[in-house]
Amino acid sequence: AQTVTQSQPEMSVQEAETVTLSCTYDTSESDYYLFWYKQPPSRQMILVIRQEAYKQQNATENRFSVNFQKAAKSFSLKISDSQLGDAAMYFCAYRSARGDMRFGAGTRLTVKP
Amino acid sequence: DAGVTQSPTHLIKTRGQHVTLRCSPISGHKSVSWYQQVLGQGPQFIFQYYEKEERGRGNFPDRFSARQFPNYSSELNVNALLLGDSALYLCASSFIISTEAFFGQGTRLTVV
């Protein structure tokens, strides 16, 4: 079974600075998707960024970018120019070609003004 | 366009009772999946439906069941509720089975 590991339960960043959240996963599949979701206190899961495993180019969405290392099974999220609104729980997720999605335990990000 | 909608938003049930949670996917999305999120943890996969057929099931007891209707909406049913079933239940829809999933606001179930 696929597992997703987020080794940082909590992270803190100063406003306007850059922070990187770590994620590793374990799979024997070659075709899959990886995602980062943000969950604010409202508990609504919001898609931040996606990465297809077959793409070598790292995904970027405005201030959010990923470092996808397929051989190392690593998928980190970099948030640049951090804003107060970025404070939330961040979940790394693996989705197989069959469709089932596995989440990590999450990283709580605090943004200090 | 409306996002994924779930109902009810909150509910309180007694141990042993039955509960039905409902989900309407984004228009055009044919896949619906269900997740259980206990406070302080990541969501756990329960079911995956695509074109009205079950395509995946997580490690949950048979008390949990689901179905998808011709209009692609879905229901999650839980029988013989236990205190440990108290959680946020999330529904997500996607266009096809493996692409990005968009989540509803969740149903917060409390079992007393």
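Cut-off values and rules
- All residue numbers here refer to positions counted from 1 along the written sequence of the relevant chain.
- Chains and ligands are labelled sequentially in the order written, the chains with letters from A and the ligands with numbers from 1.
- For this predicted model, a pLDDT threshold of at least 70 governs which residues receive local features, and a threshold of 80 or more governs which side-chain atom pairs are given and counted, while totals over whole chains, interfaces and linings are taken from all residues.
- Heavy atoms from the whole structure form the basis of all side-chain values; hydrogens and water molecules are not counted.
- Only a pair of cysteine sulfur atoms within 2.5 Å qualifies as a disulfide here.
- Only DSSP runs of H or I reaching four residues or more are called helices, and only runs of E reaching two or more are called strands; each is numbered from the N terminus.
- Accessibility here uses a 1.4 Å probe with only protein chains present; expressed as a share of the type maximum, an area under 20% marks a residue as buried, one over 50% as exposed, and anything in between as partly exposed.
- Strands were regarded as paired on the criterion that DSSP finds at least two bridges between them.
- Here the axes come from fitting lines to C-alpha atoms, over the contacting stretch only for helices, and the angles between their N-to-C directions go from 0 to 180 degrees.
- By nonpolar core we mean a set of buried residues, namely Ala, Val, Leu, Ile, Met, Phe, Trp, Tyr and Cys, connected to one another through side-chain atoms within 4.5 Å.
- Residue contacts follow a heavy-atom distance rule, with two residues in contact if any of their heavy atoms lie within 4.5 Å.

Caption draft 1: A look at the state of the cysteines. Summed over all chains, the structure comprises 2 disulfides over all chains. At a sulfur-sulfur separation of 2.0 Å, the disulfide partner of C23(A) is C92(A). Because the torsion about its S-S bond is -70°, the bridge between C23(A) and C92(A) counts as left-handed. Taken as a pair, C23(A) in the loop between β3 (19-21) and β4 (24-26) and C92(A) in strand β10 (residues 88-96) lie far apart in primary sequence, 69 residues in all. A relative accessible area of 2% means that C23(A) is categorised as buried. Classification of C92(A) by relative accessible area gives buried; the value is 1%. Covalent S-S linkage joins C23(B) and C91(B), the inter-sulfur distance amounting to 1.8 Å. Across the S-S bond of C23(B) and C91(B) the torsion is about -65°, and the bridge reads as left-handed. In this pair, C23(B) sits in strand β3 (residues 19-24) while C91(B) sits in strand β9 (residues 87-94), placing the two residues 68 residues apart along the sequence.

Caption draft 2: A look at the sheet that holds strand β7 (residues 64-68) of chain B. Residue and element names in this part refer to chain B. Pairing is antiparallel across the open sheet formed by 4 strands, whose spatial order is β1-β3-β8-β7. Each edge of the open sheet carries a strand with a single partner, namely β1 (5-7) and β7. For this sheet, the mean inter-axis angle between neighbouring strands, taken without regard to orientation, is 15°. As paired elements, β7 and strand β8 (residues 74-78) share 5 bridges and run antiparallel to each other. Of the residues in β8, the one forming a bridge with F64 is V78.

Caption draft 3: The arrangement of the nonpolar core in detail. Y25(A), W36(A), F75(A), L77(A) and Y90(A) are the most contacted members of the largest nonpolar core, which totals 25 residues. Those elements that place two or more of their residues in this core are β3, β5 (32-39), β6 (46-52), β8 (64-69), β9 (74-79), β10 and β12 (107-112) of chain A. Sort the elements by how many residues they give to this core and β10(A) lands first, with 4 residues. Ignoring sequence-local partners within four residues, the contact set of Y90(A) consists of Q6(A), L21(A), W36(A), Y37(A), K38(A), V48(A), F64(A), L77(A), I79(A), G106(A), T107(A) and L109(A). Membership of the second largest hydrophobic core comes to 22 residues, among which are L11(B), V32(B), A66(B) and L81(B).

Shape descriptors only; they carry no functional weight alone.
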